[in-house]
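Residues per chain, in single letters:
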Amino acid sequence: MKIDVVSLFPSYLNPLNLSLLGKAQEQGIVQIAIHDLRDWATDPHRNVDDTPYGGGPGMVMSPVVWGEALDSIREQAVVDPVLIIPTPSGQPFDQLLAATLAREEHLVFACGRYEGIDSRVGVHYSRDERWDSVKEVSIGDYVLAGGEVAALVMIEAITRLIPGILGNPESVIDDSFSRLDCLVEGPVFTKPPIWRELEVPQVLRSGNHGLVNQWRKDQAQARTESFRPDLLSDRAEDPL
Ligand code: SAM
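Residues numbered from 1 in each chain as written. Predicted model: local features only at pLDDT ≥ 70, side-chain atom pairs only at ≥ 80, totals over all residues. Heavy atoms only, no water.

Undergrad: Even after reading the chapter, I still don't get helix 6 (residues 209-227), so can you show me in this structure?
TA: Owing to its 3.6 residues per turn, the α-helix brings residues three or four apart onto one side. Taking 1.5 Å as the rise per residue, helix 6 with 19 residues should run 27 Å; its terminal C-alpha atoms sit 27 Å apart, in good agreement. For helix 6, the complete set of buried residues consists of Val212, Trp215, Ala220 and Thr224. Along the long axis of helix 6, the arc covered by the buried residues comes to 165 degrees, so they all point the same way. Where helix 6 begins, the side chain of Asn208 points an oxygen toward the backbone nitrogen of Gly210, at a separation of 3.1 Å. (Helix = DSSP H or I, 4+ residues; strand = E, 2+ residues; numbered from the N terminus. Expected span 1.5 Å × (residues − 1). Buried < 20%, exposed > 50% of the residue type's maximum accessible area, 1.4 Å probe, protein only. Arc of directions from axis to C-beta. Polar contact = N/O pair within 3.5 Å; in protein donor to acceptor, adjacent residues only side chain to side chain.)

Undergrad: What exactly am I supposed to notice about the sheet that holds strand 7 (residues 133-138) here?
TA: Hydrogen bonds between backbone groups are what pair the strands of a sheet, and the pairing can be parallel or antiparallel. Read across the sheet, five strands follow the order 2-1-6-5-7 without closing on themselves; strand pairing throughout is parallel. Edge strands, defined here as strands with exactly one partner in the open sheet, are strand 2 (31-36) and strand 7. Each adjacent strand pair in this sheet contributes to an overall mean axis angle of 25 degrees, direction not counted. Pairing of strand 1 (residues 2-7) with strand 6 (residues 106-110), which is carried by five bridges, proceeds in the parallel orientation. Across the sheet, residue Asp4 finds its bridge partner in strand 6, namely Val108. (Pairing = 2+ DSSP bridges. Axes fitted to C-alpha atoms, helices over the stretch in contact; angles between N-to-C directions.)

Undergrad: Quick question: what am I supposed to make of the pattern of salt bridges here?
TA: Pairs can form between side chains of opposite charge once their charged atoms are near each other. Scanning the entire structure with this criterion turns up ten salt bridges. Between Lys2 and Asp4 there is a salt bridge; the shortest N-O distance is 3.6 Å. On the basis of relative accessibility, which here comes to 29%, the residue Lys2 falls in the partly exposed class. Residues Glu199 and Arg205 are paired through a salt bridge, measuring 2.7 Å at the closest nitrogen-oxygen approach. Glu199 gets classed as partly exposed once you look at its relative accessible area, which sits at 49%. By relative accessible area, Arg205 is classed as partly exposed at 37%. (Salt bridge = Lys/Arg side-chain N within 4 Å of Asp/Glu carboxyl O.)

Okay, here's the thing in structure tokens:
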């Protein structure tokens, strides 16, 4: 998979070179390129923003500069890329969207700052047939200062689903939100069997796989009911 990230703060994306993703880049499973948006600013001050139409506080990122940046990335691309614009007002990012995007060949992340990117950028590229699609995506109901952290979150969640990235591909099967029942995962334990008077549940040490599986299902159900009852009600409303 090829991933381009355009940002005003390229160093924010340095963690992409660490750990699993660092290794995946060395192995050629993922190619990541980070671009400085200011490289496409043409005025003497290399401005990338302007005052908002209609008034109000803050600045809005210029569609002119973004257009230059995205056109140039598209020119280098060998397949039609998916453009992802992180924004708190977008569709929620979840495991299903991560799995869908993990099957794409080329993702481009446009990281906003200030009051965000001029809305015409998303509209324009969603009409441009040289782009696979445009997704405006939110990573949660809160407001960050910029799209870089949102891009890091999405890239990590997406790429760990690409075959060859995780040491043990089976580790994603029982992950929270990944199973068909869409529950969160229950508690996990390792050695020692007793730590500070807290004992690992006996059933997990029994060697009885049937009992272990049933216990894990019950725990996943209980934890979902307690922390994420919305997941259970969503499921009840789903006609499938
Ligand atoms: N005024 C915008 C609003 O209320 O929708 C918020 C702009 S925010 C200060 C600046 C940038 O941070 C956004 O353009 C986006 O790139 C990023 N951002 C902030 N919160 C985000 C979130 N929850 N999900 C994805 N991106 C976010």
